[in-house]
Amino acid sequence: MTSASGNATGLEVLLSTLKSSHDVQSTLSILQILDELLSAGTVKRISYMISKGGSEALLHTLVNMTRIFPPNYHVFLPLMHLIVKVGQRDKGFGQKAQEIGATDETLNLLKVSPPQPKYVIPCLWALKIYAASASTGAALGNSGIMRLLFKLISPYTTKNTKSIRAATEALSALLKSKWNSRRALDNGYIQWLLKLYQDWHQRDTQNKYISIHKALLKCIRNITNTQMGKKAFLQADGMRVLLSASRACGSTTDLQPIVKLATQIMRRCYPKEPLPLLTVRSCYSFVLPNTADSQILEPPGRFPQEDVAVKGNDEKEGDEDSTENEETGYNEDEDDLETDVTRLRPNPQLDRPVEELKQYERLCPELIGYFQHLRDEQTNGQDNVSCSAFFTTPGHQRHKKTREWQEDLIEEDPPMPHNSFSSRGANQMDLADSGGESERLIKNGCAPIQDSGRCPEQPCGGITLKPSKHKMKETHWNMQRASADSSEKNIRLQEVQNTRGTSVGGEESSRLLSQSWSINTEYTPHDSPRKLSEMCREMIPFHDPYVYTIMAEKTKSATDYQTLAFPDYWGHTAPLYQEPLTGQWCGHQRDKIFEDIQRFVNPGDSLNKVIFDIGSLPLVTPAEDVSLKFNSNFESGNLRKAIQIRKYEYDLIMNADINTDLQHQWFYFKICGMRAGIPYRFNIINCEKTNSQFNYGMQPVMYSVHEALCGRAHWVRVGSDIYYYKNHYCRHSAVTRGQKDTSYYTLTFTITFLHSKDVCYLAYHYPYTYSTLMTHLHLLKESLNPDQIYFRHQILCSTLGGNKCPVITITASPGSQPEQLHQFWNRQYVVLTARVHPGESNASWVMKGTLEFLVSDDAIARSLRDSYIFKIIPMLNPDGVINGCHRCSLSGEDLNRQWSEPNPDLHPTIYHAKGLLSYMRSISKTPLVYCDYHGHSRKKNVFMYGCSLKETLWQARSSIDTATLKEDIGYRTIPKVLDRLSPAFSINHCCFLVQKSREATARVVVWREIGILRSYTMESTYCGCDQGKYKGLQLGTRELEEMGAKFCAGLLKLKKDEWSCSNQLVTEDVGLLDFDNELQNDRHMSRSDVSVDDEPPCPEEIDYYTDNCAEEDDDHIDLVTELNMSSDDELELKK
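Residues numbered from 1 in each chain as written. Predicted model: local features only at pLDDT ≥ 70, side-chain atom pairs only at ≥ 80, totals over all residues. Heavy atoms only, no water.

A.B. asks: Explain the overall build of the protein chain to me, using residue names and the numbers behind them.
C.D. replies: Scanning the protein chain from terminus to terminus reveals 41 helices and 22 strands. Expressed as a percentage of its 1135 residues, the buried residues of the protein chain come to 61%. Intrachain contacts of the protein chain at a sequence separation of at least 6 include 80% that bridge at least 24 residues. (Helix = DSSP H or I, 4+ residues; strand = E, 2+ residues; numbered from the N terminus. Buried < 20%, exposed > 50% of the residue type's maximum accessible area, 1.4 Å probe, protein only. Contact = heavy atoms within 4.5 Å.)

Structure, rendered in structure tokens:
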């Protein structure tokens, strides 16, 4: 033995001796010691041995032993056993083997080995390990080893299976090299591998040799890493071979790894293609005003798909969103966390002159002239209230009631911004109404936009709705459905008349419902529609179809829609039951993918019939056509194209947001012409998110006109076999010059309709339109007592499209005494906003719950009105909502990324909302709370995002000593309260970190520039809950509205002295009185929720990552097992 250094460890001495030994017995002894050391230990022992030069010692020993003639195979087996064991853990093993010369010696051993598998198999496994290095694999390929390996791989046999498997695994490793793959393609190996796989699959009926099946698929996968390989695979009909074999495997558990690998190959080789559209840009365009920051956008038809230039900001979409639109976690890029303390500290400052801010005085009428006749008493010393911020009101307005104050501004018309499309209906023909008896029929479930010259009777104290001067073309509703006796009847509804009758309820209500709304020719033309309308108002609070019609006619859209969606016209009530999360079954998603692949394999089986195209003229279909009929030309509608693939299957394409080619998520469309009891499959093929709650229990929603007319006016969750996966459609970006393809995803679901010839509406989530909001605000105000509730509906500004953005003020009406006025003027403000992203309709339902709770008679609501003045902007992006956008405004930008420097021309609602907040600060009325309501598509529950200096520094692992920094932890109060109050709220999902990429969002800007400590984004799931009372249930509109009410209740905690205001508060919320100490303990919390999704990867994760085809770790090789062969398993080398 050679001497070792005195500082060397025992292992180093052994390895040094082994490396230089040429003595067989000494070598055997050392190998036996090393084998015992590694067998008794863990992976750490192998790693330690590698760090001490173990790999080099073993490889040198292999070279030394093979040079002894004749070779001693007694040393060879234990040596190869250690080489395989150690080589699997050493990433550089192949390179080391090539440098030492062990690869050549292994090849020589393989070629001259005696005909026993126990000597060949170790060499094959060693070659597999060597080939893990790309350069070594290429060198082995040059030696001609692949030809030898192909000779060892035979068609199905029960002999030599261990050798066949080892040879196939070695070949798959060699084929990772592109050079080796090209050689294999040149020699036609792809066809031969497919035949081998097909042979083993068909003849191995007992599935005894699954490892060989898998190894053959690995070879095919590695060859198809190149474009030439994909092409050769398709030319060899590989898709059909693998599809047939995979379907034959069924749901057998043992075969699932085979099916998964085959699916990966097929999806990788499926040719990429653009969507079946002329352009991916929106069908509609809007010409922006000529400002320094904007440009005139070209018509959408000018941009073919391959040349679409994506805006840089669009690539970083998100609101309070990550790359996939929601503000997910922060662990993806902790470098994005803000660590500059100067930027993390709130630095309130005005972004415009104080004089300019005075324009917002009109939005605070409660501070301007309320009970001005008492001013003299105040100035004479009876009260010490400062009036520096108050302004004199003209004498004729001094004694106006609240209702009249509201009327002053509800119809005010602020300066209109640039508007590049005309008001809907401006160029339409006037109705020819002879004698006022013209009958309108509502056709196909769409209510007509009626002659608004007839206004609803104004209740006492109400405002007059000033109708639009524009009249619409006469439209009809002539819907047919099957009655109980299967005979078809026409449902005809006369237009709602101007004269209102008494409410229909009790026995009359039951009688009308019992008729199933099957109105025959004997109905009274003026009576039945009135009863329908009255019944609708009885069933649906704060909704009136007639008022909705008038509000809708004032709405301006780029789509120039002429009909109203029936669900929005008729209204929605939450069903009495709650809907559970749907389940999924392993393998079903893959079955859907196989059906898509079947289209490629047998293209003749697909109809590919365009049923609906919003960018083309209406399609004329023969009377006998049984295809479904689609439409989305109504407010908030979004469906661009429908293609019939099979008799009961349709591909659907969503329209992009106006002036963009991105943001495909929101859909809302009408279907008619269905047959009851038939499962229809719908595939929405241009989704953009990489994952979705549709894979974790979420369902789309549907509204049936038939059910609504039978008294069940509900949006309900529907659909089975719901899956979300990557498809073969892609968009070539001009920004990346075609080097990177953006893949689309498919949302597929199946619906079995209950009624034939029904009219149904499908949507991503419960729709809530702009006209619905305006109707709700009008009817809400009409229901209030102005002597008790101060409710003011004003206009913040006009949008780019010429629609009015409402702002609501709610508080308790003050008394007339000076001390009551003093308390009124010193109430703190709470500012709430919602719907900056049009597709987040759940935010509007939460806001609806907030509004209705604040004006209710609930004791907590009364206390809140007495304590706070609420400023509410319920819809920050009316244009986006009206035009069916998902995320952007008409400018094609995400408005929640414009708060830092909003442009008054391009982002008027954000500019003026920020101006209002700045004005409040300038008059020392900084709001106590700001909250922006949002929706989240990738998480469950309801949760909040806030801003914290310390938590951001902790999460970023900053070296700054946070003990020296002072921070009010009051930002955690409301989330803590809501976690106790609301069953849908989850404190564990809340996050209070500040990211650089979010610095232009409302939450961060309001916190930093306005100085509001409690500045939040509240995210409500589209799906459901995985905790608490609603665990396992999807959230409906009732639960969303409840969340809005609970948020308000949580605000009362900020007024500690108000908790004893009523027995109800103490009874219901006594648990909230004891957690102040918990809030203090939160100062040491260093981590917030940082998960990207609250779900694990999809069980069939193959469906998400096929393009990159990230390889799984190979199974551990144990030569002892591999060499434990049956006596008849002998090698027959091919010459």
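Once the structure has been displayed, the description carries forward.
A.B. asks: Please provide a residue-by-residue account of unusual backbone geometry, values included.
C.D. replies: With a phi close to 55°, F542 is a non-glycine residue in the positive phi region. Turning to its location among the elements, F542 is positioned in the loop between α24 (528-539) and α25 (545-554). The exposure class assigned to F542 is partly exposed, which follows from its relative accessible area of 29%. For S636, which is not glycine, the phi torsion reads 70° and is therefore positive. We classify S636 as buried; its relative accessible area is 3%.

A.B. asks: Break down the sheet that holds strand β9 (residues 668-672) for me, citing the residues and quoting the values.
C.D. replies: Here five strands make up an open sheet; going across it, the order is β6-β9-β15-β11-β12 and the pairing antiparallel. Every interior strand has two partners, whereas the edge strands, β6 (629-631) and β12 (715-717), have only one. Averaged over all adjacent pairs, the angle separating strand axes in this sheet is 30°, with direction ignored. (Pairing = 2+ DSSP bridges. Axes fitted to C-alpha atoms, helices over the stretch in contact; angles between N-to-C directions.)

A.B. asks: Outline the environment of M80, listing residues and values.
C.D. replies: Relative to the elements of secondary structure, M80 occurs in helix α5 (residues 73-87). You can call M80 buried: its relative accessible area is 0%. A C-alpha to C-alpha distance of 9.1 Å links M80 and W125, two positions 45 residues apart in sequence.

A.B. asks: Can you explain the pattern of salt bridges? Please cite residues and give values.
C.D. replies: Counting across every chain of the model gives 28 salt bridges. Here R599 and E649 are joined by a salt bridge, their closest N and O atoms 3.4 Å apart. Residue R599 is located in helix α27 (residues 588-601), and its partner E649 is located in strand β8 (residues 649-653); the two are separated by 50 residues in the primary sequence. Residue classification places E649 among the buried positions, given a relative accessible area of 4%. For D894, the salt bridge identified is with R887, shortest N-O distance 3.1 Å. Exposure class is identical for D894 and R887. Each is buried. Shared partners join several salt bridges into a network, and the residues in it are E595, D596, R599, R646, E649, D651 and R681. (Salt bridge = Lys/Arg side-chain N within 4 Å of Asp/Glu carboxyl O.)

A.B. asks: Can you break down the sheet that holds strand β20 (residues 929-936) residue by residue, with the values?
C.D. replies: Taking strand neighbours across the sheet as the criterion, the seven strands line up as β16-β17-β19-β18-β20-β22-β21 in an open arrangement whose pairing is mixed. What marks the edges here is a single partner per strand, and that holds for β16 (789-798) and β21 (942-945). On average, each strand axis in the sheet is tilted by 20° relative to the strand beside it, whichever way the strands run. Bridge count between β20 and strand β22 (residues 1014-1021): eight bridges; the pairing is parallel.

A.B. asks: Lay out the pairing of strand β15 (residues 759-763) with the relevant residues and their values.
C.D. replies: Burial within β15 is extensive, with five of its five residues counted as buried. Of the two faces of β15, both are covered, the one formed by V759, Y761 and A763 as well as the one formed by C760 and L762. Here five bridges tie β9 to β15, and the two strands are oriented antiparallel to one another. Each bridged residue has a counterpart across the sheet, and for I671 the counterpart in β15 is C760.

A.B. asks: Describe the environment of R921, listing the residues and the values that go with them.
C.D. replies: Within the fold, R921 resides in helix α34 (residues 908-922). For R921 and I1010, which are 89 residues apart along the polypeptide, the C-alpha to C-alpha distance reads 6.9 Å. Other than its neighbours up to four places away in sequence, R921 contacts P348, T926 and I1010.

A.B. asks: Can you break down the packing of aromatic side chains residue by residue, with the values?
C.D. replies: Per the stated rule, a full pass over the model turns up 35 aromatic pairs. One aromatic cluster is present, built from ring pairs that chain together F566, Y569, W570, F634, W666, Y668, Y703, W715 and Y761. For the cation-ring pair, R182 lies above W179, with the distance from its terminal atom to the ring centre recorded as 5.1 Å. Between the NZ or CZ atom of K939 and the centre of the ring of F943, over which it lies, the distance is 5.2 Å. (Phe/Tyr/Trp six-rings, centres within 6.5 Å; stacked < 30°, edge-to-face > 60°. Lys NZ or Arg CZ within 6 Å of the ring centre and 35° of its normal.)

A.B. asks: Can you explain helix α15 (residues 227-235)? Please cite residues and give values.
C.D. replies: In an α-helix, one turn spans 3.6 residues; hence positions three or four apart end up facing the same way. By the burial criterion, the buried members of α15 are G229, K230, A232 and F233. Taken around the axis of α15, the buried residues stretch over an arc of 165°, which confines them to a single face. Looking at α15, the residues exposed on the side facing more than 90 degrees away from the buried face are Q227, K231 and Q235. Each element contacted by the buried residues of α15 is listed here: α12 (178-186), α13 (189-203), α14 (210-223), α16 (238-249) and α17 (256-269). (Arc of directions from axis to C-beta.)

A.B. asks: An account of α12 is needed here, citing residue identities and associated values.
C.D. replies: For α12, every residue scored as buried is listed here: N180, S181, A184 and L185. On an axial view of α12, the arc spanned by its buried residues comes to 140°, and they lie on one face. Facing away from the buried surface of α12 by more than 90 degrees, the exposed residues are W179 and D186. In the core, the buried residues of α12 are packed alongside α9 (134-142), α10 (145-152), α11 (161-174), α13, α14 and α15. G188 sits one or two positions beyond α12 and adopts a positive phi of about 75°.

A.B. asks: Summarise the packing of α25 against helix α29 (residues 770-782); cite the residues concerned and give the values.
C.D. replies: Contact geometry for α25 and α29: axes closest at 9 Å, N-to-C directions at 125°. Classified by the interaxial angle, the pair formed by α25 and α29 is oblique. The chirality of how α25 crosses α29 is right-handed. Between α25 and α29, the contacting residues are V547, Y548, M551 and A552 on the first element and S771, T772, M774, T775, H778 and L779 on the second. Residue composition of the contact of α25 with α29, by class: six nonpolar, four polar and no charged. (Parallel < 35°, antiparallel > 145°, perpendicular 65-115°, else oblique. Left-handed = near helix turned anticlockwise from the far one by under 90°. Nonpolar A, V, L, I, M, F, W, Y, C, P; charged D, E, K, R; others polar.)

A.B. asks: Report on the nonpolar core, specifying residues and quantitative values.
C.D. replies: Formed by 130 residues in total, the largest nonpolar core has its most connected members in F630, F682 and F1047. In this structure, F630 is in contact with I611, F612, L639, A642, Y650, L652, F669, K670, I671 and F682, ignoring residues within four places of it in sequence. Core analysis: the second largest hydrophobic core is formed by 101 residues, V75, C123, I145 and C249 among them. (Core = buried A, V, L, I, M, F, W, Y, C linked by side-chain atoms within 4.5 Å.)

A.B. asks: Quick one: what's the story with the confidence of the model for the protein chain, residue by residue and with numbers?
C.D. replies: When pLDDT is averaged along the protein chain, the result is 77, and 72% of the positions lie at 70 or above. Confidence drops under pLDDT 50 across residues 1-5; counting only partners more than four residues distant or on other chains, this segment forms six contacts. When the criterion is pLDDT under 50, residues 328-332 qualifies, and its contacts beyond four places in sequence or with other chains add up to 20 contacts. (pLDDT = per-residue confidence, 0-100.)

A.B. asks: Help me get a handle on the environment of L58, residues and values and all.
C.D. replies: Residue placement: L58 occurs in helix α4 (residues 54-66). The residues contacting L58, other than those within four sequence positions of it, are L18, L31, M49, L79, L82, I83 and V86.

A.B. asks: Explain the pairing of β21 to me, using residue names and the numbers behind them.
C.D. replies: Residues V942 and M944 point to one face of β21 and F943 and Y945 to the other, with burial holding for every one of them. Bridge count for β21 against β22 is four bridges, and the pairing is antiparallel. Across the sheet, M944 pairs through a bridge with M1018, a residue of β22.

A.B. asks: How would you sum up the packing of α16 against α17? Please name residues and give values.
C.D. replies: Axis separation between α16 and α17 bottoms out at 10 Å; the angle between their running directions is 150°. Put simply, α16 runs roughly antiparallel to α17. The crossing of α16 and α17 is left-handed. Residues M239, L242, L243, S246 and C249 of α16 form the contact with α17, whose participating residues are V259, A262, I265, M266 and C269. Within the contact of α16 with α17, the residues separate by chemical class into nine nonpolar, one polar and no charged.

A.B. asks: Any chance you could break down the state of the cysteines for me, citing the residues and the numbers?
C.D. replies: Per the stated rule, a full pass over the model turns up zero disulfides. C931 takes part in no disulfide bond, and the closest cysteine sulfur to it belongs to C1048, at a distance of 9.9 Å. For C931, a relative accessible area of 0% corresponds to the buried category. (Disulfide = S-S within 2.5 Å.)

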